[in-house]
Amino acid sequence: MLTPRFHSLRTRLLWGIGLPLLALQFAVIALEYRLGRDEALDAMRRELGTLTRLVAVRIDQALSQVAQTTQTKLRLLALNPEFSDTQRERLLRIDAGGRNLAFRSVLAFRRKPARPADPLRLYVLPEDGPVEPADPRTESVLKAAWLDRALAARSGFWSGPHQAVGGVPGTVVSYVAPMLSHPKLDGAVSVEVPVERLQSVLRDADFESGGFWIADRAGTALATDDVQPPPAVLVANWIAPVFEPGWRERSEGERIIRPSADATGGSQRWLLIAPLPATGWALLASVDEQAVLATVRSRLRRQVVVYAFGTAAVLSLLAWLSARATRPLVPLAEAARRAAAGDLEARVAGPLGRDELGRFSMVFNRMMADLKANVAGRIEATAARQAVESELEVALKIQRTLLPAPFPVVLGVEIATRFVPARYVAGDFYDHFLLGPETLVVAIADVSGKGVAAALFMAAARTSIRNFTRPGVSPAETLAAVNRALFEDNRQLVFVTTFLAHYDLPTGCLTYANAGHNFPYVVRSDGTPEVLGDSTGPLLAVFDNAEFGDRQAQLGDGDTLVLYTDGVVEASDPGGELYGEERLEALLRSNATASPEALCTRITETVQQHCVGAPQDDVTLLVLRRQAVTGAHG
């Protein structure tokens, strides 16, 4: 797990700047190495190509001169068939040319047509000394080696490496040419070139990073410059293209290849191949790639050292600057940690600078002081609000005590109620009580506004209704008296909607007056909802001498009276759509057989679902159902 120190700003600065810097340095080093490598290899190919061409031209010209001189000797012998021994010696002593590559000349001939008794005559002329007949023991070797071969080939050729004629130690290559036009003799002239002299020419090239060797078309090494040639089969494949027709027109005169390391003895080498047209051989130059790149790597090592010191200096300077820049963050971070833990006394200690961090620290200290004062104010406000809420809870309890107790079912009616205030206390109320043994008074009202003021006005309205309800006084007369009483003390211009009814228990006759309240529903026993749609007077507490009228409705067995406040039908969803009378009527129709208690529950639930939460207004319900009357009431 990473320690917090690893996550510090100072560490991130070092990593964020140091890593890209190191990556850039490595990229520059890699690019410089690649460019230096390509430049060195290109220079090597140019220089080696030039040197190979020069050496190839020198060797090819020298060996070509040897061949031309040999052909000249043959023509002279053919033109003078009666040469004496002295003349032959003088002829054989003609400079073989080839820039002193030739070692000696050899003449072999016999009469023609050949007879078994005619011996093969062989003359050898070294660089110094008289002409000497060759050792007769070499006769069979000569016949097999070059005399018969030259006569059969009928043209000159260069032989592979072999021992010098006459038992002279050393390996030579020879140019052998037949003497075909002499009238009396079959013969051939061979000019020997010591392999050591060819190797000396290769060494004189002074190629430090590699070496040269000469190979025939079969890949056999003829002369080498202290180079270990690869296998002949591979060499034959490499040099074959330089002898193809049109090679010189398609190239600069040499072929450059880079065989695998396994083919060149385990080290990666470059090979340049130049043809030697006069002999049918090829000159090969081999250079070790590692030797060519040694200078590049040496220069690269020096650059790496310079870059390393430079990077170390930059990183050290960066570490010092980051430490200096982030030092003021330590007390700020500690103060922020204490503040996060809830310590409102947390402050950035020490002298504060005049830079951005210093100004930020001063702002932090001011913020913590303001936060402390704000929290203290919030605590006081919360305590005050809790005190008010406690008092409101007490007021709600008191308000609920003003509501009537459940009505007994034995009197032939079943009553269910709901009271859901939008706040702690509500402006809605309902009431039911007996006015004599056979009359049940039911009322529902809605005070404008919400909260404490509406609740206080509601208490006054309830008390007035109870006070002015008397036997023999109709609901309209009661509302008129209540209106006058409320109007006198209505300094806040509050109004009340009220529905007040006298229900005759034996007959089911309902006498009511409606002071601007929502029209109640009577749901018949067959499920049909009917609206008691008569408003018999204005709102209470608005007009001093308002007049009200009475209306009547008949409830039969199983009929249900539904009273409600506007918090039911005017409840709106988030899109502003009202619950409305149509939904209420549909619900009443589909729940006609439900008990009053179940009907109240269903209405309250659908209103809350429509509002997506708590209602925005007080919701009050009173549901009364008439049951079959089985006897007198008293």
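Rules of the game
Residues numbered from 1 in each chain as written. Predicted model: local features only at pLDDT ≥ 70, side-chain atom pairs only at ≥ 80, totals over all residues. Heavy atoms only, no water. Helix = DSSP H or I, 4+ residues; strand = E, 2+ residues; numbered from the N terminus. Expected span 1.5 Å × (residues − 1). Phe/Tyr/Trp six-rings, centres within 6.5 Å; stacked < 30°, edge-to-face > 60°. Buried < 20%, exposed > 50% of the residue type's maximum accessible area, 1.4 Å probe, protein only. Patch = residues over 30% accessible without salt bridge, like charges linked within 9 Å, V, L, I, M, F, W, Y side chains within 5 Å. Areas by Shrake-Rupley, 256 points an atom, 1.4 Å probe, with all protein chains shown as cover. Salt bridge = Lys/Arg side-chain N within 4 Å of Asp/Glu carboxyl O. Pairing = 2+ DSSP bridges. Axes fitted to C-alpha atoms, helices over the stretch in contact; angles between N-to-C directions. Contact = heavy atoms within 4.5 Å. Core = buried A, V, L, I, M, F, W, Y, C linked by side-chain atoms within 4.5 Å.

A word on helix α8 (residues 329-340)
Item 1. Under the 1.5 Å per step criterion, the end-to-end length of α8 is 16 Å for 12 residues, consistent within 8% with the ideal 16 Å.
Item 2. At the exit of α8 stands Gly342, carrying a positive phi of roughly 100°.

Looking at the packing of aromatic side chains
Item 1. Within this structure, the stated rule accounts for four aromatic pairs.
Item 2. Judged by centre distance (6.1 Å) and plane angle (25°), the ring pair of Tyr521 and Tyr564 falls under stacked. Here the residue Tyr521 occupies a position in strand β18 (residues 521-523), and Tyr564 occupies one in strand β21 (residues 560-564), the gap between them amounting to 43 residues.
Item 3. Accessibility expressed as a relative area gives 2% for Tyr521, which makes it buried.
Item 4. Here the aromatic cluster, defined as three or more aromatic residues joined through ring pairs, consists of Trp158, Tyr175 and Trp281.

What about a nonpolar patch on the surface?
Item 1. Taken together, the side chains of Leu317, Trp320 and Leu321 present a nonpolar region at the surface, about 330 Å² in accessible area.
Item 2. Turning to its location among the elements, Leu317 is positioned in helix α7 (residues 289-326).

With respect to the sheet that holds strand β8 (residues 210-215)
Item 1. Across the sheet, which stays open at both edges, the five strands sit in the order β9-β8-β12-β11-β10 with antiparallel pairing between neighbours. Since the sheet does not close on itself, it has two edges, and those belong to β9 (221-224) and β10 (255-257), each with one partner. Sheet twist, expressed as the average angle between the axes of neighbouring strands with direction ignored, equals 25°.
Item 2. Here β8 runs beside β9; their pairing, made up of three bridges, is antiparallel. Within β9, the residue paired with Ala215 across the bridge is Ala221.
Item 3. In the packing of helix α4 (residues 195-204) onto the sheet, the strands contacted are β8, β9 and β12 (281-288), and the crossing angle to β9 comes to about 55°.

What about the nonpolar core?
Item 1. Ranked by internal contacts, the top residues of the largest apolar core, which has 43 residues, are Ile59 and Trp158.
Item 2. Take this core: its biggest share by element is 13 residues, from helix α1 (residues 9-79).
Item 3. Residues within four places of Trp158 in sequence aside, it is in contact with Leu63, Val66, Ala67, Val173, Ser174, Tyr175, Val193, Ala278, Thr279 and Trp281.
Item 4. With 26 residues, the next largest nonpolar core counts Leu435, Ala476, Leu486 and Ala513 among its residues.

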